[in-house]
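Below are the chains, spelled out letter by letter.
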Amino acid sequence: MLNINNITVRYGQLTAVRGVTIKVAQGESVCVVGPNGAGKTTTLLTVSGVLTPAEGTVEFDGGAVTGINPENIARLGISHVPEGRHVFGLLTVEENLKIGTAMRRDRSGVAADIEKVLEYFPRLRERLKQPAGKLSGGEQQMLVIGRALLTRPKLITVDEPSLGLAPKIVDQVYEILERLRQEEGVTLLIVEQSTKRALDHAERLYVLRSGMVQLEGRTADLSAADVERAYFGFDEHAATA
Amino acid sequence: MIALGQNLIDALALGSLYALAALGIGLIFGVLRLINFAHGDFITVGAYSLIIPSTQVMAQEMLGALPWPLLILAVTIVVIVLALLSELIVFRPLRAASAATLMIASFALGFVIQYTLLLFYSGRPKAFGLWPELTQVVEFIGLRVPLLQLLTIAVTLVLLGGLVGFLRYTAYGVQMRAAAEDFRMARLLGVKANRVIAMAFGLSGFLAAVISLLFVTQRGIVAVDMGTPLMLFAFVATVVGGMGSLVGAVVGGYAVGILSVALQVALPVDLRAFRDAFVFLAIIIILLFRPSGIVKVKAVVERV
């Protein structure tokens, strides 16, 4: 469904991602883990059209999407939930949700989908008329995922859903993401810092460090030690010690 | 008492013009972080569209010859088209540039507009009486005030109400507010950047056209640099009100208008010629105490 082919992404002189290849199949749940500065966020921003790769291509649903602007990528069915939640704080919860339907014309479908999102996230229903800026961090995370869902995406990419949230809330977020995958058929590509969460929740994972893929595989086949070694890059030290 | 009432209406009418101009600046600043210094020149173009391009001393009617509903429509269209073309030709190619670059580009655009008018109309201000019947003085709750002032205040209130309704209750309005807060996130949700920005320019042009008509009616004159002082005061109003807040733009517009009229009344006769200096002194004092303006906005630096 999503093929990231050998992309290299630069910010001016700085190369953030070098030759990364990631593939996600329809209905899959894939995690990208890695330390700070590994190029995880850059990779997702390239998929969603905010950044354009210097080399390589991104394909979605069999067509090239490299260089297409973010609003049109969203129209093709990729919804990106960026790091740090990004609710529109001055808008009400309801208005935030409606922004997710900006590109849709089917009014009845929109109403039904908003209702469905509110069933997934009952807390949002209580706060529909409140400014989104007044929500707690966990509620904001629910809101941005619900809002992303209203674009009717085939693929949702989530950047660090656990950032700044209590562990219990993080569990809820992952639980809902998994339900969305099973009940709504949404494919998931999630960036995560915690290897444990990635191993627990994803079917496959990629370890990114220094802008390159260090390890990839099915979570069932990988041990925590393998993943951590790739994550921290201790190979060389182990060999010389 | 009567003098106070009349001064108050004076202040509200002037404040209304500033508020409308400040909103025109604020709408574009909201989505693009561009301080459009050509806004005053949009107003000027609206005024000049009333008369035929010529270097003659006497103004001859062009759009000014139309019956009033058509006249309003035609001038509005002229200024909106100008605003949209400015966006398309000047600001769209510069969208990724820094805020400073955009601002300088807007200065350049302003000069191009002014000198184009100079070329076609000559630099001499021209007398042009638009709707002279509106300048008559009428009795209003015991006060004798020019009808135009009441009309200016009423038109402004209607436009403010309309704008609030648009921003709050229409899908495009909500998208515009979202884009003003976090443009990248709005785009990630499928909000079309070009459309939202064009809409901001269109609305800004519409407000500029209304000011053109009110201003020409009031002054009875068109001049190449007539928009400049309006733009200056409107810009100051957005800063005093709180850059990035539309409510702030309106509050700032009225604050500056009321301040100007109050100083006009309160200053000794010898000093009245220096009224604007006192206005700016007062503004410096306000900004010393509230550097981010009357209505504070969470600093938003991100653009498209």
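Residues numbered from 1 in each chain as written. Chains lettered and ligands numbered in written order. Predicted model: local features only at pLDDT ≥ 70, side-chain atom pairs only at ≥ 80, totals over all residues. Heavy atoms only, no water.

Asker: Please provide a residue-by-residue account of the layout of surface pockets, values included.
Answerer: Within this model, the largest pocket holds a volume of roughly 1,000 Å³. Around the largest pocket, the lining comprises 36 residues; the ones closest to its centre are Leu90(A), Gly244(B), Ser245(B), Leu246(B) and Val247(B). Among the secondary structure elements, those contributing two or more residues to the lining of the largest pocket are α1 (2-32), α5 (147-169), α6 (171-181) and α10 (246-266) of chain B. The element best represented in the lining of the largest pocket is α1(B), accounting for 6 residues. Within the lining of the largest pocket, the residues separate by chemical class into 21 nonpolar, 8 polar and 7 charged. Size it by volume and the second largest pocket reaches roughly 690 Å³. Lining the second largest pocket are 22 residues, with Lys98(A), Thr101(A), Arg107(A), Thr170(B) and Ala171(B) sitting closest to its centre. (1 Å grid on protein atoms, 1.4 Å probe; cavity = no way out; pocket = protein on both sides within 12 Å on 5 of 7 lines; lining within 4 Å. Points joined across faces, edges and corners; volume = space filled by probe spheres on them. Helix = DSSP H or I, 4+ residues; strand = E, 2+ residues; numbered from the N terminus. Nonpolar A, V, L, I, M, F, W, Y, C, P; charged D, E, K, R; others polar.)

Asker: If you had to explain the packing of aromatic side chains to someone new, which residues and values would you point to?
Answerer: Residues and elements named next belong to chain B. Per the counting criterion, the structure on display carries 9 aromatic pairs over all chains. For the ring pair Tyr18 and Phe233, a centre distance of 5.2 Å and an interplane angle of 15 degrees mean the geometry is stacked. A residue pair is termed long-range when its members are at least 10 positions apart, and Tyr18 in helix α1 and Phe233 in helix α9 (residues 227-241) qualify at 215 residues. Tyr18 gets classed as buried once you look at its relative accessible area, which sits at 6%. For Phe233, a relative accessible area of 6% gives the class buried. Geometrically, the ring pair formed by Phe233 and Phe280 is stacked, given 5.5 Å between the ring centres and 20 degrees between the ring planes. Of this pair, Phe233 sits in helix α9 while Phe280 sits in helix α11 (residues 275-289), and the two are 47 residues apart along the sequence. Grouped by ring-pair contacts, the aromatic residues Tyr18, Phe233 and Phe280 constitute a single cluster. (Phe/Tyr/Trp six-rings, centres within 6.5 Å; stacked < 30°, edge-to-face > 60°. Buried < 20%, exposed > 50% of the residue type's maximum accessible area, 1.4 Å probe, protein only.)

Asker: Tell me about the sheet that holds strand β7 (residues 155-159) of chain A, and name the residues and values.
Answerer: Residues and elements named next belong to chain A. Overall, mixed pairing links the 6 strands, which are arranged β6-β7-β8-β3-β9-β10 in an open sheet. Here the strands that pair on one side only, and so sit at the sheet edges, are β6 (78-81) and β10 (212-218). The mean inter-strand angle of the sheet, taken between neighbouring strand axes irrespective of direction, is 15 degrees. Note: strand β3 (residues 29-33) against strand β8 (residues 187-192), 5 bridges, orientation parallel. Counted as the bridge partner of Val32 is Val191 from β8. Helix-sheet contacts for helix α9 (residues 224-232) involve β3, β9 (204-209) and β10, and the interaxial angle to β9 is about 25 degrees. (Pairing = 2+ DSSP bridges. Axes fitted to C-alpha atoms, helices over the stretch in contact; angles between N-to-C directions. Contact = heavy atoms within 4.5 Å.)

Asker: Can you tell me about a positive patch on the surface, naming the residues and giving the values?
Answerer: Positive charge collects at one region of the surface, where Arg75(A), Arg105(A), Lys192(B) and Arg195(B) lie side by side. Take Arg75(A): it is sitting in helix α2 (residues 70-76). We classify Arg75(A) as partly exposed; its relative accessible area is 34%. (Patch = residues over 30% accessible without salt bridge, like charges linked within 9 Å, V, L, I, M, F, W, Y side chains within 5 Å. Areas by Shrake-Rupley, 256 points an atom, 1.4 Å probe, with all protein chains shown as cover. Salt bridge = Lys/Arg side-chain N within 4 Å of Asp/Glu carboxyl O. Lys, Arg positive; Asp, Glu negative; His and termini not counted. Charge placed at Lys NZ, Arg CZ, Asp CG, Glu CD.)

Asker: Describe α6(B), naming the residues involved and giving the relevant values.
Answerer: The set of residues buried in α6(B) consists of Gly173(B), Val174(B), Gln175(B), Met176(B), Ala178(B), Ala179(B) and Glu181(B). Contact partners of the buried residues in α6(B): α3 (93-99) of chain A together with α1, α5, α7 (183-188) and α8 (193-219) of chain B.

Asker: Any chance you could break down a nonpolar patch on the surface for me, citing the residues and the numbers?
Answerer: All names here are of chain B. Where nonpolar side chains cluster on the molecular surface, the patch consists of Leu66, Leu70, Leu73, Ile77, Val81, Leu85, Leu88 and Ile89 and spans about 700 Å² of accessible area. Within the secondary structure, Leu88 sits in helix α3 (residues 68-91). We classify Leu88 as partly exposed; its relative accessible area is 45%.

Asker: Now, about the nonpolar core: what can you tell me, with residues and values included?
Answerer: Counting 96 residues, the largest nonpolar core has Val31(B), Phe42(B) and Leu50(B) as the members making the most contacts within it. No other element matches the 15 residues that α8(B) contributes to this core. Once you skip the residues sitting within four places of it in the chain, Val31(B) turns out to touch Met176(B), Ala179(B), Ala180(B), Phe183(B), Val196(B), Ile197(B) and Ala200(B). Counting 44 residues, the second-largest nonpolar core is a separate cluster that includes Met142(A), Val158(A), Tyr174(A) and Val186(A). (Core = buried A, V, L, I, M, F, W, Y, C linked by side-chain atoms within 4.5 Å.)

Asker: Run through the interface of chain B and chain A, naming residues and quoting values.
Answerer: It is common to give the size of an interface as the accessible area lost on bringing the parts into contact. Between chain B and chain A, the residue contacts involve 20 residues of the former and 25 residues of the latter. Among the residues chain B hides against chain A, the three largest losses belong to Glu181(B), Leu188(B) and Leu189(B). Together they make up 34% of the total. Along the contact surface separating chain B from chain A lie 2 salt bridges. Here Arg177(B) ties to Glu95(A) by a salt bridge, and the two come within 2.9 Å at their closest N and O atoms. Remark: the boundary between chain B and chain A carries 7 residue pairs in polar contact (both at pLDDT 80 or more). Breaking the side of chain B that touches chain A down by element, the ones donating at least two residues are α6, α7 and α8 of chain B. Examining the composition of the side of chain B that touches chain A, we find that 6 residues originate from one element, α6(B), more than from any other. Partitioned by chemical class, the residues of the side of chain B that touches chain A number 9 nonpolar, 3 polar and 8 charged. (Buried area = accessible area lost by both parts, 1.4 Å probe. Polar contact = N/O pair within 3.5 Å; in protein donor to acceptor, adjacent residues only side chain to side chain.)

Asker: Could you give me a rundown of the packing of α3(B) against helix α4 (residues 99-121) of chain B, with the residues and numbers involved?
Answerer: Packed helix pairs are characterised by how far apart their axes lie and by the angle those axes make with each other. All names here are of chain B. One can describe the packing of α3 onto α4 by two numbers: an axis separation of 11 Å at closest approach and a directional angle of 125 degrees. Viewed along their axes, α3 and α4 adopt a mutual orientation that is oblique. Seen from above, α3 lies across α4 with right-handed handedness. Seen from α3, the contacting residues are Leu82, Ser86, Val90 and Phe91; seen from α4, they are Leu102, Ala105, Ser106, Leu109 and Ile113. (Parallel < 35°, antiparallel > 145°, perpendicular 65-115°, else oblique. Left-handed = near helix turned anticlockwise from the far one by under 90°.)

Asker: Give a description of helix α1 (residues 40-47) of chain A that names residues and reports values.
Answerer: All names here are of chain A. Most of α1 is tucked away: 7 of the 8 residues are buried. Here α1 has its buried residues at Lys40, Thr42, Thr43, Leu44, Leu45, Thr46 and Val47. Once α1 ends, the next one or two residues include Gly49, with phi positive near 90 degrees.

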